[in-house]
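Commentary on secondary and tertiary structure
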Amino acid sequence: MKYIVVIGDGMVDQPLKELDGETPLQRAETPNMDFIAKNGSCGMLATVPQGMEPGSDVANLSIMGYDPKKYYTGRGPLEAASIGAQLKEDDVAFRCNLITQENGLLADFNAGHISTAEASQLIESLNQSFFRYGKFYLGTSYRHLFIYKGKDAALLKSTPPHDVVGEPIQEYLLKGDNSVLDALSVKLNELMYKSSDVLEKQPINEKRVESDKNPANMIWLWGQGPKPQLPPFKEKYNLKGATITGVDLIKGIGTYLGLTNVHVPGATGFYDTDYCGKAKYALESLEDHDLVFIHVEAPDEAGHAGDIREKIMAIERIDRRILGKLREELHSLDDYALAVLPDHPTPIDIRTHTSDPVPYAVYTPGCEADKTEAYNEVSVLDSFKDSSNEIMEGYKFLKFFIEYARRGKTV
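For the structure given in this document, a descriptive report is provided here. Just so you know, the residues in each chain are numbered from 1, in the order the chain's sequence is written. A pLDDT threshold of at least 70 governs which residues receive local features in this predicted model, and a stricter bar of 80 or more applies before side-chain atom pairs are shown or counted, although totals over entire chains, interfaces and linings include all residues. Just so you know, side-chain values use all the structure's heavy atoms and leave hydrogens and water out.

Each helix and strand counted, the protein chain has 15 helices and 13 strands in total. All radius of gyration figures rest on C-alpha atoms, and the globule criterion is 2.2 Å times the number of residues raised to 0.38. Against the 2.2 N^0.38 benchmark of 22 Å for 411 residues, the protein chain shows a C-alpha radius of gyration of 21 Å, consistent with a compact globule. Along the first, second and third principal axes, the C-alpha set of the protein chain runs to 65 × 45 × 40 Å. Any residue under 20% of the maximum accessible area for its type is buried, any over 50% is exposed, and the rest in between are partly exposed; the area is computed with a 1.4 Å probe on protein chains only. Classification of the 411 residues of the protein chain by burial places 59% in the buried group. Element-wise, carbon and sulfur atoms account for 47% of the exposed surface of the protein chain, whose accessible area totals about 17,200 Å². Numbering goes from the N terminus for both helices and strands, where a helix is a DSSP run of H or I of at least four residues and a strand is a run of E of at least two. All accessible areas in this document rest on Shrake-Rupley with a 1.4 Å probe, and a residue is counted as covered only by the protein chains that are shown.

Here we come to the side chain of Thr372. With respect to the helices and strands, the residue Thr372 is situated in the loop between strand S12 (358–363) and helix H14 (377–386). Whenever a nitrogen or oxygen atom comes within 3.5 Å of another N or O atom, the pair is scored as a polar contact, on the condition that within protein one atom can donate a hydrogen and the other can accept it, and that pairs from neighbouring residues in sequence are kept only if both atoms are in side chains. At 3.0 Å, the side chain of Thr372 forms a polar contact with the side chain of Ser383. Setting aside chain neighbours within four positions, we find Thr372 in contact with Ala37, Lys38, Cys42, Ser379, Val380 and Ser383. When checking whether two residues touch, look at their non-hydrogen atoms; a contact exists if any pair is within 4.5 Å.

Right, let's talk about the nonpolar core for a bit. Grouped together as the largest cluster of nonpolar side chains are 91 residues, with contacts concentrated most on Phe233, Leu326 and Phe397. In terms of residue count, the dominant contributor to this core is helix H13 (residues 308–330) (nine residues). Counting 39 residues, the second-largest nonpolar core is a separate cluster that includes Phe136, Tyr148, Met218 and Trp220. The set of buried Ala, Val, Leu, Ile, Met, Phe, Trp, Tyr and Cys residues whose side-chain atoms join them within 4.5 Å is what this entry labels a nonpolar core.

Bringing the pattern of salt bridges into the picture now. We define a salt bridge as a side-chain nitrogen of Lys or Arg found within 4 Å of a carboxyl oxygen belonging to Asp or Glu. In total, this model carries 15 salt bridges according to the counting rule given. A salt bridge links Lys151 to Glu89; the nearest nitrogen and oxygen atoms lie 3.7 Å apart. Here Lys151 is found in the loop between strand S6 (143–149) and helix H7 (179–199), whereas its partner Glu89 is found in the loop between helix H5 (75–80) and strand S3 (91–102), with 62 residues between them in sequence. Under the relative-accessibility criterion, Glu89 is labelled exposed at 66%.

Look at Ala111: it is not a glycine, yet its phi comes out positive at around 50 degrees. Among the structural elements, Ala111 can be located in the loop between strand S4 (105–108) and helix H6 (116–130). Classification of Ala111 as buried rests on a relative accessible area of 0%. A positive phi angle, close to 60 degrees, is found at Arg351, a residue other than glycine. As for its placement among the helices and strands, Arg351 is situated in the loop between strand S11 (336–341) and S12. For Arg351, a relative accessible area of 42% gives the class partly exposed.

Moving on to helix H3 (residues 56–63). For H3, the buried fraction is high: eight of the eight residues fall into the buried class. Of all the positions in H3, only Ser56, Asp57, Val58, Ala59, Asn60, Leu61, Ser62 and Ile63 are classed as buried. Backbone geometry just downstream of H3 places Gly65 in the positive-phi region, at approximately 100 degrees.

Within strand S1 (residues 2–8), six of the seven residues are buried, leaving the element largely enclosed by the surrounding structure. Here a strand pair is declared whenever DSSP counts at least two bridges between the two strands. When S1 meets strand S10 (residues 291–296), the two strands line up parallel, connected through six bridges. Each residue of the ladder has a partner; that of Val6, found in S10, is Ile294.

Below, the discussion takes up the sheet that holds strand S9 (residues 260–261). Read across the sheet, eight strands follow the order S9-S8-S10-S1-S11-S12-S2-S13 without closing on themselves; strand pairing throughout is mixed. Among the strands making up the open sheet, the edge pair consists of S9 and strand S13 (392–393). Contacts between helix H11 (residues 275–285) and the sheet are confined to strand S8 (241–244) and S10, with S10 contributing the most and set at about 170 degrees to the helix. Lines are fitted to the C-alpha atoms to define the axes, a helix being fitted only along its stretch in contact, and any angle between axes, read from their N-to-C directions, falls within 0 to 180 degrees.

What follows covers the environment of Lys151. The spacing of Lys151 and Glu316 is 165 residues in sequence and 44 Å in space, taken between C-alpha atoms. Excluding anything up to four places from it in sequence, Lys151 contacts Glu89, Asp90 and Val92.

With that settled, the discussion passes to the environment of Cys367. The residue Cys367 is located in the loop between S12 and H14 in this model. The exposure class of Cys367 is buried, given its relative accessible area of 15%. Between the C-alpha atom of Cys367 and that of Gln101, which follows or precedes it by 266 residues, the distance is 53 Å. When sequence neighbours within four positions are dropped, the list of residues in contact with Cys367 reads Asn39, Gly40, Tyr404 and Gly408.

Residue position: Asn205 is located in helix H8 (residues 203–210). What Asn205 contacts, discounting residues up to four positions off in sequence, is Leu122, Leu199, Glu200, Pro215, Ala216 and Asn217.

Covered by surrounding structure in S8 are Gly241 and Thr243 together with Ala242 and Ile244, the residues of both alternating faces. Examined bridge by bridge, S8 and S10 share four bridges and lie parallel to one another. Across the sheet, Ala242 pairs through a bridge with Val292, a residue of S10. In this sheet, S9 lies alongside S8 in parallel orientation, the contact comprising two bridges. Each residue of the ladder has a partner; that of Thr243, found in S9, is Asn261. As for the winding sense of the linkage, the β-α-β connection from S8 through helix H10 (residues 248–257) to S9 is right-handed. A clockwise path from the first strand over the helix to the second, with the strands pointing away from the viewer, defines a right-handed crossover.

Honestly, it's all geometry; don't read function into it.
The structure is reproduced here in structure tokens:
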């Protein structure tokens, strides 16, 4: 049996007046997702436990079969594993965004999607200037890492920059709740402000300004935590798994779980990612793996940008270029199962994540179908309300999917 889980990051949404009350997923042409929903089984999934921040870190950890309430320590340490940062016992890893600040406001949380090549020069300048604070590690595009030595840093309150675009920076800096943490927050907030003095003068940023692009003129530290302790995926599920993604976070989770991070040359983590390449490499990976997670970041990026057109296009590309290719190539096999779902909603109107339950659809040849007619928020929710099912906890989904696929073989 081969298992494929396709994750459209931030794919689901809310009804939009610009779409006459439809969501981007409803408006998109998704014949392959609709086939899975109509001929398989659908339901609702709570990928973000109550009380936890609705981030891709928590939600994807859930989808991969691990309870965030038990295993999650922060976003930073998950990304650390994917970029070669070896965390010691007293290290705390911060996610480090390159951002654009303008007149004291957080103007752009991704600095105009700065390229990795440009970012590498900026990260080098930060290490040269601020080595006494800690160490910066190059990631991808605007997504990087900062390692601080000292466990107390994990206790600071931080804010995701994509949640506060257009807001005053001063109001969302790192905060502590006692004298020790207050002093530490002052130190690291000082680092963020000082980074602006260094980055503003870099030739890369001068060229970006001349080209009418947003400069990466400040860093933003958030999502910090110590190294997590995660049991190997192979031991937990008795399956050999792989991940396909353009995002360091997902690669980091995969590294900790002992999954194979399959490199797809054109996987960028943005609109221009190589959808067809992801499908091609996934199919090749199934030759010596039991399960593959295919993660696509583009719908989430469109949600953060408030770009309805790009979100619809991203959803359609997932459907046509990934699910369409998978169905075409897997058609001759009986022993496979497909799942499609988002990790969390990223509604266009608010441009950030929510904790709302998300719809999933699973299919294996020979299974009994439920009454869902199409894969979208409304159709799945209506079908779900008519059933006696309960909203599933996110970390239970993978076990359910595996058991569902195996039951399908006996129908």
